[in-house]
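Chain by chain, the residues run as shown.
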Amino acid sequence: MAFIYTLRYMLDPRANTPEKDQKLINFAKKGKIDDVAFFINGEELNHSHLTKDETQRWLDAINPLQTKLAEIGVTTSLNPWTTIMHSDRGYHVNPKIGFNTFVDINGNKAQDMACPADPKWRKYIVERYAQYANIHPRRLWMEDDFRHYNHTPLKLMCFCDYHMKIYQEKLGKKESRSQFVKNMLKPGRPTPERKVYLDQARKEMIENEHLIEQAVHKVSPKTDLAQMTSFPDWHAIEGRDWKKLFTAQAGSGHPKVARPHLPAYNEVAPLKYGRDFEEYTRITAAYLGENAELYPELESYMYSPLVKSLAFTKFQVITTALIGSKGILLNLFDMMGNGIDDAWNYADMLAEIKPFVNKLLENRLRMNHLRGIKILVDQDSAYTIHTDSGKKVEEMLPHEKNWASLLSSYGFATTILPVNQNTQIKDQTIAISGQLLRNFTNKQIINLIQNNVILLDGESINVLLDRGLGKLLHIKHAEWHPYRTAYQSFEQADGSTVEGVKNPRITMLQHTGNYLKLDYEKDSDVTIWSSAYNSIDQKLGNVMAVIDKHIIVLPMDQDPKDGWKSQFTSYKQGLLKQMLDSVKAVDYLIQMPNVKLNVQDDGKLVWLANFTLDGYSKIQWHLGNKLVHQKAKMIRINNGSFTSKYVNIHEKNGIATINEDIKPLETIQLIF
């Protein structure tokens, strides 16, 4: 099985040359490219939605290159850069096309961005995709402007007159746009307006995918339709149903094909990239399922090694193995028609790592078959979230990704588990943040908490209190204390030693959420692990605790800007590991911060990926289950290929030690 390199490439039909074409052919050969996805009408060359004749000029320019690429065994895909349109850039919809544009949540009308339910736009987009299909591409991509939000400079859509009529019919009453929006975001219990909006947004996108799929496969039955995705929490506030949407897109006999977002358009610190990778890429992959064909996007905008080093680019390609990807989309060169720049040395780099990524794919990571702490997410959470002030659409965003980035950075083996109202979980270790529990009945919540080892944050605890379920945690009294209000200043783990520091302290003042002070019933089974203090060392109340020997609480919510940044400290990492050790054996790495650990559920495959610039001289793994064998085959990259050798694993007191180093930005696979 080959790991598919798809090069996203922009040629300018007006300025292309035979020299540029030859450089593309040479790059494809040298860089071991399998597929070239040609942009159509993209980025700097975009000039609004194209007519049939304008579109044909692009296809006519691509056709000869398609033939030349086929001669060297490289397939051709198409990446039209617009569906709805990413942003308004001074253009207006051509009157010959004539569809309506969307209206955002504030009543602002777009100039060039389509209303996704408009019948004329639907007819137009179906005709264009059928036209693209005429050259029979391997894959035909739909850009990530296919969404209801992030269309600069406007906000969430669509609230045009056409949509308002739909909403009013479903509500059974007339409401102005402003009143509908006010009710949709109304604080507290979700309103009928919220459900009407989400249902319609969900429905119309599935319908659009189906219409496009039917048109494409009528013309080109072998072409796979593929969808680019964005942030999963934002997709929740457009009601995205991942399974139904991608089933509609794929059509009969075709795989679900997607491009999860890789969140580093410019180079960032690898440990920061590691957090975002969990929160966006892995959650998206989990929603799509392990049977989907995933081709994450490596984007280097504004392009060149000035914005992203070859080492980091290589690292991004290799670590897509952690979501079981079958290939990658490579957006390495600009979208203005400059073509290939050989001086950037991408071809050599891609050729160097191709044998290694092919080898990793032989034992592909399967998202649904990983052991470790299960972070729960739910695509339907925007339906149930209680907003606070009702002033911003962001209040509908789920806060379910926090444990994902935190626990993986700590070195815990984790996996993402999408849930729904029918999900039943028993005898697992799970982590819940945000208001996810609102998606369940009280009976389901009781079963979930009583039958699992569970980690809860402050928002989750608040849901229990709202539901009258505080007794599950033996809570007598609870009170929120906002940060920076001269109350809490730091958290102290009295009686604990972490990394040689006695009674270590962790900030509750900066880059943190609000503190939910919890008092527990007398004589209840609650072990307090840390307490809140003010700036003059006065103890204020309980923070982290283990309840009934299987419930761990972190009674904080998230900062709107900084999330859980305050929790990314070795002291909290060590404290949480000690707490979990007191409850249940789980898999985690020791003294290897920001190294990710993924373990197949049968223990026969392990992936280690170092998301930091530090190397570690040995691998120490605290075992959640017994080792399958005392030896494993270690696969790692080495000088343009890979090495495969057996290593001994020394196990003592539940800790496995491998006397092999792991280098900065290195990924290793162990096969037992």
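Residues numbered from 1 in each chain as written. Predicted model: local features only at pLDDT ≥ 70, side-chain atom pairs only at ≥ 80, totals over all residues. Heavy atoms only, no water.

Brief notes about the overall build of the protein chain
Within the protein chain one finds 15 helices and 36 strands. Computed over its C-alpha atoms, the radius of gyration of the protein chain comes to 26 Å, within 12% of the 26 Å expected for a compact globule of 672 residues. Each principal axis of the C-alpha distribution contributes one length, and for the protein chain these read about 80 × 70 × 45 Å. Per-residue burial over the protein chain gives 62% buried out of 672 residues. In the protein chain, 76% of the contacts between residues at least 6 apart in sequence involve partners at least 24 apart. (Helix = DSSP H or I, 4+ residues; strand = E, 2+ residues; numbered from the N terminus. Rg over C-alpha atoms; globule rule 2.2 N^0.38 Å. Buried < 20%, exposed > 50% of the residue type's maximum accessible area, 1.4 Å probe, protein only. Contact = heavy atoms within 4.5 Å.)

Considering the side chain of Asp 233
Tracing the sequence through the fold places Asp 233 in helix H7 (residues 232–236). A relative accessible area of 11% means that Asp 233 is categorised as buried. Side-chain polar atoms of Asp 233 contact the side chain of Lys 401, separated by 2.8 Å. Discounting residues that sit within four places of it in the chain, Asp 233 has contacts with Tyr 280, Leu 397, Pro 398 and Lys 401. (Polar contact = N/O pair within 3.5 Å; in protein donor to acceptor, adjacent residues only side chain to side chain.)

Regarding the side chain of Gln 600
If you trace the backbone, Gln 600 turns up in strand E29 (residues 595–600). Overall, Gln 600 belongs to the buried group, its relative accessible area being 8%. Setting aside its immediate chain neighbours within four residues, Gln 600 contacts Arg 366, His 369, Leu 370, Arg 371, Leu 605 and Trp 607.

Here's the deal with helix H15 (residues 570–581)
Here H15 is 12 residues long and its end C-alpha atoms lie 16 Å apart, about the 16 Å a rise of 1.5 Å per residue gives. Looking at H15, one finds that the buried residues are Lys 572, Gln 573, Gly 574, Leu 575, Leu 576, Lys 577, Met 579 and Leu 580. (Expected span 1.5 Å × (residues − 1).)

Remarks on the nonpolar core
Ranked by internal contacts, the top residues of the largest apolar core, which has 142 residues, are Tyr 5, Leu 7, Phe 27, Phe 38, Leu 330, Trp 403 and Leu 576. Here this core takes nine residues from helix H11 (residues 346–362), the largest share from any one element. In this view, Phe 27 contacts Leu 7, Lys 32, Ile 33, Leu 332, Phe 333, Ile 340, Tyr 346, Ala 347 and Leu 350; residues no more than four positions away in its chain are not counted. Counting residues in each nonpolar core, the second largest holds 28 residues, with Ile 461, Leu 469, Leu 473 and Ile 551 among its members. (Core = buried A, V, L, I, M, F, W, Y, C linked by side-chain atoms within 4.5 Å.)

What to know about the pattern of salt bridges
Throughout the structure, instances matching the rule amount to 38 salt bridges. The partner of Lys 203 in a salt bridge is Glu 207, with the nearest N and O atoms 2.7 Å apart. A residue pair is termed a helical-turn pair when its members lie 3 or 4 positions apart in one helix, as Lys 203 and Glu 207 do in helix H6 (residues 192–219) at four residues. A relative accessible area of 40% places Lys 203 in the partly exposed class. According to the relative accessible area criterion, Glu 207 is partly exposed, its value standing at 26%. Between Glu 666 and Arg 636 there is a salt bridge; the shortest N-O distance is 2.8 Å. (Salt bridge = Lys/Arg side-chain N within 4 Å of Asp/Glu carboxyl O.)

Quick look at the environment of Gly 98
Mapped onto the fold, Gly 98 is located in the loop between strand E3 (75–80) and strand E4 (101–103). In sequence terms Gly 98 and Ser 530 are 432 residues apart; their C-alpha atoms lie 63 Å from each other. When neighbours within four sequence positions are excluded, Gly 98 is seen to be in contact with Val 93 and Lys 120.

So, the sheet that holds strand E28 (residues 588–589)
Ordered by their spatial adjacency, four strands build an open sheet running E28-E31-E35-E34, and the pairing between neighbours is antiparallel. Both outer strands of the open sheet, E28 and strand E34 (650–652), are each paired with one neighbouring strand and no more. As paired strands, E28 and strand E31 (residues 619–622) are joined by two bridges and run antiparallel to one another. Bridging from a neighbouring strand, Leu 589 pairs with Trp 621 of E31. (Pairing = 2+ DSSP bridges.)

Remarks on the sheet that holds strand E30 (residues 605–610)
Within the open sheet, the six strands sit side by side as E12-E29-E30-E36-E32-E33. Their pairing is antiparallel. The open sheet is flanked by strand E12 (370–371) and strand E33 (641–648), the only strands paired with a single partner. Pairing between E30 and strand E36 (residues 667–671): five bridges, direction antiparallel. Bridge assignment links Leu 605 to a residue of E36, and that residue is Ile 671. Across the sheet, H11 is in contact with strand E32 (631–638), E33 and E36; its angle to E33 comes to roughly 45°. (Axes fitted to C-alpha atoms, helices over the stretch in contact; angles between N-to-C directions.)

Concerning helix H13 (residues 442–450)
Along an α-helix, residues three or four positions apart point the same way, because every turn accommodates 3.6 residues. Listing the buried residues of H13 in full gives Ile 445, Leu 448 and Ile 449. Projected onto a plane normal to the axis of H13, the buried residues spread over an arc of 90° and lie on a single side. Exposed positions of H13 whose direction lies more than 90 degrees from the buried face are Lys 443 and Gln 450. Contact partners of the buried residues in H13: strand E13 (373–377), strand E15 (429–432), strand E16 (453–457), helix H14 (458–466) and strand E27 (551–554). (Arc of directions from axis to C-beta.)

Some remarks on the environment of Met 592
Along the chain, the position of Met 592 falls in the loop between E28 and E29. Along the backbone, Met 592 and Leu 437 are 155 residues apart, and their C-alpha atoms lie at a distance of 33 Å. When near neighbours in sequence (up to four residues on either side) are disregarded, Met 592 contacts Tyr 616, Lys 618, Ile 619, Gln 620 and Ile 662.

Interpretation note: all reported values are geometric properties and have no functional meaning in isolation.
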